[in-house]
Amino acid sequence: MARAWPFAGRTAELTEIRSAVAGLVVVGAPGVGKSRLVAHAVRDLDGVAWVRATAAAAELPLGAFGPLLPSAPPVGNPLGWAADAVRAPVLVVDDAHLLDAASAALVHHLVARGRTRVIATLRTETPAPDAVQALWKDDLLPRMELAPLTLEETGRVLERALGGRVEQGTVTRLWQASRGNALYLRELVLAWMPADNGGVWRWRGQLEITPSLRDTIAGRIGELTPDEREVLELLAYGEPLGADLLTTLAPAAAVERLEDRQLVTVDLEGRRLQVRIGHPLYGEVIRRGCGTLRARKLLRKLADAVAGTDLRRREDVLRVAVWRLDSGASSDPELLLAACDMARMVRDLELAERLARAAGDGFRARLALGGILFYADRYAESEQVLAAASALAPDDYSRIDCAVTRAFNLFWGLGRVEEALELMTAAERSVTDVHARQGVRSTRSSLEVFAGDLGAARASLRAAAEMGPSTHPRNVRAFGTTEAVILAAEGRATECLETVARTEAALDRAPNALPSLRAAVLEAASEAALFLGDLSAAERHAEQGRGLDGEFGSWARALVYFGARKAQALRLRGRVTDALGSCREAIAHLPERSVWAGLCLGELAHAHALLGEVAAAEEAIELAGRTGLPLGPAVVIPLEQAKVWTLAARGDIPGAVATALAAAERALPAQVPFLLHDVVRLGRPAPNAARVTGEGPSAATSVTARLTGEGPLVALFAEHAAARTGPELDAVSRDFERLGLIVHAAEAAAHAARRYRHEGLTRSARAAETRAWALSRRCQGARTPALLDLDVPDLTPRQREMALLAAQGLTNREIAARLVVSIRTVANTLYAVYEKTGVSDRAALAELLG
């Protein structure tokens, strides 16, 4: 961690302060960072004097100005005497609301006289002397309201404080806990024991508060009457509470007084007034001030009050169940199971496990617990619980639910593929209900897709449809999700996205959130968008998938899978270093053994290889081999593709080509074009052109032939493989750039340069090479074989200066006038620039120089 707490962001505010000639007044909440901002703004100015007002200094007239005033008593007008004594050109008055009347009048006098630039800070919603208020009321100084740190600013501060990348979930959690208050944020980080997972800082465990922060917040809360304290205690354990309900538990006058002091907030949500505690950290401090018996009494009081409203809102079920559990009171198993299901749906797995275990040893409680343990990556425990639960299933649907959950755990968690599929078969045979059997068969289809057996997956989905009309809403949603996943794997991206749209509409109509189905649909959408070359959509779907972690509680799988998908899109954009960061953040959530290790670590190794970091790439590949479950092409092939580029980075181009071609024969149809195009990128298009264009004899070739018309990207891969002339390769490069695949564009331009040079077209070769160099500069240090030998255009400082002016559209005459040289000198210099860069006009020069 940095020795001094860093300053970051606030660019607009710094500019406003520095540009305020007469000065200004900075107003903000306690701890928001007013003093730090002003100090940063004036740190490079000469002659800055500080006046720090305090309640103690306010006991004496001009007490705050004591250090600036002479010891001799005033002669004549005391105000004029004091003003003459303040000789600094810049005066900072910190906490101006605490000034005594004489000091406030002196500040007003200095501003009105106009010889001193005055910058003052004061707290929001705090009474200030009339002379201070007059500064902005009489338009003597502008007033700037300083807002709390934004989420983005919080992230920058944390990265600078910790000296590395901070997981986005951690940034969000700290921002929400601090509400953007810079002082609170600092204290939370000081109390936090950060964990560095592969270069990414991540917050684990409960919120901790330093003694100094606790004292600060206690001071902000201030003195409380017994009624006021009880209101805050009820909210600390139960917020939000309806205003009507709260005033049945505590006096309304106490709530009103707390609202006036901004210790609680009252907001209209729909038709209900909801009361919340004023800041999340106030609740932490209040709860820590309650003993165990007091806390239990409050929880029972809350549970009884909300239960008395007949649990009208769905979330009331969860709240009442938790309150009763935490208070030590006995609770209805049905209530606990309903609450457990809600906690699981929002991925609060720790709470869901508590509720499930408290619900007893019946079938439903064991089934719920087994599912929770699966989501928590505790696969061996899950199998033990579910195996015992299967013997207790009371009906067909219960047997199906147990079998499906157990099969998922066997497949995704333990890697026991055949056992999982056999369990699905047995479950289908054990029931007669058509809808139940359809659900089992469609679920089996989704497992077969991931295992890479698309034929079996299609057959299973078709068999489910042939059992009869799929009218059960749960099956309609499951069928649509599985169909989208199959279409994405087949490379039928356009049909996939159409299916995704229909399925998302069906999911929106579902009474429950169904996060697992939503994740599967977003997985298919992201894969389809990548296949079509729509990197913006692919990245957007990945971000939506990552957002499931916050929307449905803490969900590691969403962060891992969609973090890797985002990294893939970033890598294809040429943002290779950013892709590394996304992978590292995802890896921080990988369990010790995971089916997603191949995808996530494969992307990490791929990015390292593109940057020429061979040792790091090989380390990631080795780690994937130890921790991954190689269940199917979706997680195996990304690792194989990483091996391709790692071999290439080592200089083993034949080995890289052989690895890519071998992987293409085992890959899913949607993966094949990327692998075959890798061979083209490695400079071996001639033997591979038939495969990429769909004219060769292999299985991969037939896949490519079928998919060439599926969007612009696969067709462009084929054009790249078939291109034989410099102009053809130039056109491919520009098409790649248009799609946003910048590394691919740079490589194609480099290939064009070599082709031009082979044809003896030196000027065209220089132009293509210069373009490849310019594109490679946008790839965050990528060093693929095609880009290693690029000759950087060697412009002299004078040539670069003139080139930049020409690129901005200035004529030779205008450049000559600006640089005080002759027009002939400008013309000769630009001619040399065009010769060196290979471009021939100002427009091309502007494109080259960005």
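Residue numbering note: each chain is counted from 1, following its sequence as written. At least 70 in pLDDT is required for a residue's local features to be given in this predicted model, at least 80 for side-chain atom pairs to be given and counted, and no such filter applies to totals for whole chains, interfaces and linings, which use all residues. Only hydrogens and water are set aside; all other atoms, that is, all heavy atoms of the structure, feed into the side-chain values.

A.B. asks: Would you take a moment to explain the overall build of the protein chain for this structure?
C.D. replies: Scanning the protein chain for helices and strands turns up 44 helices and eleven strands. Principal-axis analysis of the C-alpha atoms gives the protein chain an extent of 105 × 95 × 45 Å. Only protein chains enter the accessibility calculation, which uses a 1.4 Å probe; a residue whose area is less than 20% of its type maximum is buried, one above 50% is exposed, and one in between is partly exposed. Per-residue burial for the protein chain yields a buried fraction of 53% across its 850 residues. Contacts: residue pairs with any heavy atoms within 4.5 Å of one another. For the protein chain, the proportion of contacts with a sequence separation of at least 24, taken over those separated by at least 6, is 67%. About 36,700 Å² of surface is accessible on the protein chain, with carbon and sulfur atoms providing 52% of the total. All tallies of charge rest on Lys and Arg as positive and Asp and Glu as negative; His and the ends of each chain are not included. Taken as the charge location is NZ of Lys, CZ of Arg, CG of Asp or CD of Glu. Measuring between centres, the 101 positive side-chain charges of the protein chain sit 2 Å from its 104 negative side-chain charges. The helix and strand labels rest on DSSP assignments: H or I over at least four residues marks a helix, E over at least two residues marks a strand, and numbering proceeds from the N terminus. Under the convention used here, a 1.4 Å probe and the Shrake-Rupley method define accessible areas, while residue burial counts only the protein chains that appear.

A.B. asks: Quick question: what am I supposed to make of the nonpolar core here?
C.D. replies: Side chains of nonpolar character tend, in soluble globular proteins, to be buried together. We call a set of buried Ala, Val, Leu, Ile, Met, Phe, Trp, Tyr and Cys residues a nonpolar core when their side-chain atoms join them within 4.5 Å. Formed by 122 residues in total, the largest nonpolar core has its most connected members in Trp596 and Phe736. The element contributing the most residues to this core is helix H26 (residues 515-532), with ten residues. Apart from residues lying up to four places away in sequence, Trp596 is in contact with Trp412, Phe450, Arg557, Val560, Tyr561, Leu590 and Val635. Core analysis: the second largest hydrophobic core is formed by 79 residues, Leu188, Val231, Ala254 and Val285 among them.

A.B. asks: Please clarify how the packing of helix H41 (residues 797-807) against helix H42 (residues 812-819) should be interpreted in this entry.
C.D. replies: Between two packed helices, both the angle of their axes relative to each other and the distance between the axes serve to describe the pair. Lines fitted to C-alpha atoms define the axes here, with helix axes fitted over just the stretch in contact, and angles between the N-to-C directions of these axes take values from 0 to 180 degrees. Orientation of H41 relative to H42, taken along the N-to-C sense of each, is 130 degrees, at an axis distance of 10 Å. Put simply, H41 runs oblique to H42. Considering only the axes of H41 and H42, their crossing is right-handed. Across from Arg798, Glu801, Met802, Leu805 and Ala806 in H41, the residues of H42 making contact are Ile815, Arg818 and Leu819. Throughout, the term roughly parallel applies to angles under 35 degrees, roughly antiparallel to angles over 145, roughly perpendicular to angles from 65 to 115, and oblique to all others. Should the near helix be turned counterclockwise from the far one by less than a right angle, the crossing is left-handed, whereas a clockwise turn marks it as right-handed.

A.B. asks: Got a minute to help me understand the pairing of strand S10 (residues 264-269) in this structure?
C.D. replies: A regular strand carries its side chains on alternate faces of the sheet. When DSSP finds two or more bridges between two strands, those strands count as paired. Here six bridges tie S10 to strand S11 (residues 272-277), and the two strands are oriented antiparallel to one another. For Thr265, the partnering residue across the bridge sits in S11 and is Arg276. Where S10 hands over to S11, the hairpin turn is made up of two residues, of which Gly270 adopts a positive phi near 70 degrees.

A.B. asks: Can you walk me through the sheet that holds strand S5 (residues 143-145) in this structure?
C.D. replies: In sheet architecture, strand pairing relies on hydrogen bonds along the backbone and comes in two forms, parallel and antiparallel. Taken in spatial order, the five strands line up as S2-S3-S4-S1-S5 in an open sheet, and their pairing is parallel. Of all the strands in the sheet, just strand S2 (48-52) and S5 have a single pairing partner and so form its edges. Adjacent strand axes in the sheet meet at a mean angle of 15 degrees when their direction is disregarded. Note: strand S1 (residues 23-28) against strand S4 (residues 117-123), six bridges, orientation parallel. By the bridge assignment, Gly28 is partnered in S4 with Arg123.

A.B. asks: What exactly am I supposed to notice about the pattern of salt bridges here?
C.D. replies: Think of it this way: side chains of opposite charge can pair up when their charged atoms draw near. When a carboxyl oxygen of Asp or Glu lies within 4 Å of a side-chain nitrogen of Lys or Arg, that pair is called a salt bridge. With the rule as written, the count across this model stands at 50 salt bridges. Salt-bridge contacts for Asp578 lead to Arg575; the nearest nitrogen and oxygen are separated by 3.0 Å. We classify Asp578 as partly exposed; its relative accessible area is 28%. What makes Arg575 partly exposed here is its relative accessible area of 33%. The salt bridge partner of Glu622 is Arg626, with a shortest N-O separation of 2.6 Å.

A.B. asks: Quick question: what am I supposed to make of the pairing of S1 here?
C.D. replies: Among the six residues that make up S1, six are buried, leaving the element largely enclosed by the rest of the structure. Of the two faces of S1, the one carrying Gly23, Val25 and Val27 and the one carrying Leu24, Val26 and Gly28 are both buried.

A.B. asks: What should I look at first to understand the side chain of Glu523 in this one?
C.D. replies: Inspection of the secondary structure assignment puts Glu523 in helix H26. Throughout this description, a polar contact denotes any pair of N or O atoms lying within 3.5 Å of each other; where both atoms belong to protein, one of them has to be capable of donating a hydrogen while the other can accept it, and for residues adjacent in sequence the pair is counted only when both atoms sit in side chains. A polar side-chain atom of Glu523 sits 2.4 Å from a polar atom in the side chain of Arg557. In contact with Glu523, not counting residues within four places along its chain, are Arg557, Tyr561 and Phe562.

A.B. asks: Whenever I open this one, the state of the cysteines confuses me. Can you help?
C.D. replies: When the sulfur atoms of two cysteines share a covalent bond, that bond is a disulfide. The rule for a disulfide is simple: a pair of cysteine sulfur atoms within 2.5 Å. All told, the structure shown has zero disulfides when counted by the stated rule. Between Cys779, a free cysteine, and Cys583, which holds the nearest cysteine sulfur, the sulfur-to-sulfur gap is 17 Å.

A.B. asks: For this particular structure, what's the right way to read the packing of aromatic side chains?
C.D. replies: In this description, an aromatic ring pair is defined by two values, namely the gap between the centres and the angle between the planes. Aromatic pairs are defined between Phe, Tyr and Trp rings, using the six-membered ring for Trp, whenever the two ring centres lie within 6.5 Å; interplanar angles under 30 degrees are classed as stacked, those over 60 as edge-to-face, and all others as tilted. All chains considered together, the criterion is met by twelve aromatic pairs. Relative to Trp596, the ring of Trp412 has its centre 5.9 Å away and its plane inclined at 20 degrees; by these criteria the two rings are stacked. Here Trp412 is found in helix H20 (residues 396-413), whereas its partner Trp596 is found in the loop between helix H29 (576-587) and helix H30 (597-610), with 184 residues between them in sequence. The pair formed by Trp412 and Trp596 is uniform in burial state, with each residue classed as buried. When the centroid spacing of 5.0 Å and the interplanar angle of 85 degrees are considered together, the rings of Tyr561 and Phe562 count as edge-to-face. Put simply, the rings of Phe411, Trp412, Phe450, Tyr561, Phe562 and Trp596 touch in pairs and so form one group of aromatic residues. A ring has a charge above it when a Lys NZ or an Arg CZ is no more than 6 Å from the ring centre and no more than 35 degrees off the ring normal. Directly above the ring of Trp136 sits Arg143, whose terminal nitrogen or CZ lies 4.7 Å from the centroid.

A.B. asks: I would appreciate a short explanation of a negative patch on the surface in the present structure.
C.D. replies: Patches draw on residues past 30% relative accessible area with no salt bridge. Two like charges within 9 Å are joined, as are two nonpolar side chains (Val, Leu, Ile, Met, Phe, Trp, Tyr) within 5 Å. Taken together, the side chains of Glu256, Glu259, Asp260 and Asp267 make up a negatively charged region of the molecular surface. Counting residues per element, the negative patch draws most heavily on helix H12 (residues 252-260), which supplies three residues.

A.B. asks: Is there a simple way to explain the packing of helix H10 (residues 226-238) against H12 in this structure?
C.D. replies: Interaxial distance between H10 and H12 falls to 9 Å at its minimum, and their mutual angle equals 75 degrees. Judged on the interaxial angle alone, H12 and H10 are roughly perpendicular. Touching Asp227, Glu228, Val231 and Leu232 of H10 are Ala254, Val255, Arg257 and Leu258, all from H12. When residues are sorted by character, Ala, Val, Leu, Ile, Met, Phe, Trp, Tyr, Cys and Pro go into the nonpolar class, Asp, Glu, Lys and Arg into the charged class, and all the rest, Gly among them, into the polar class. In terms of residue class, the contact of H10 with H12 is made up of five nonpolar, no polar and three charged.

Shape descriptors only; they carry no functional weight alone.
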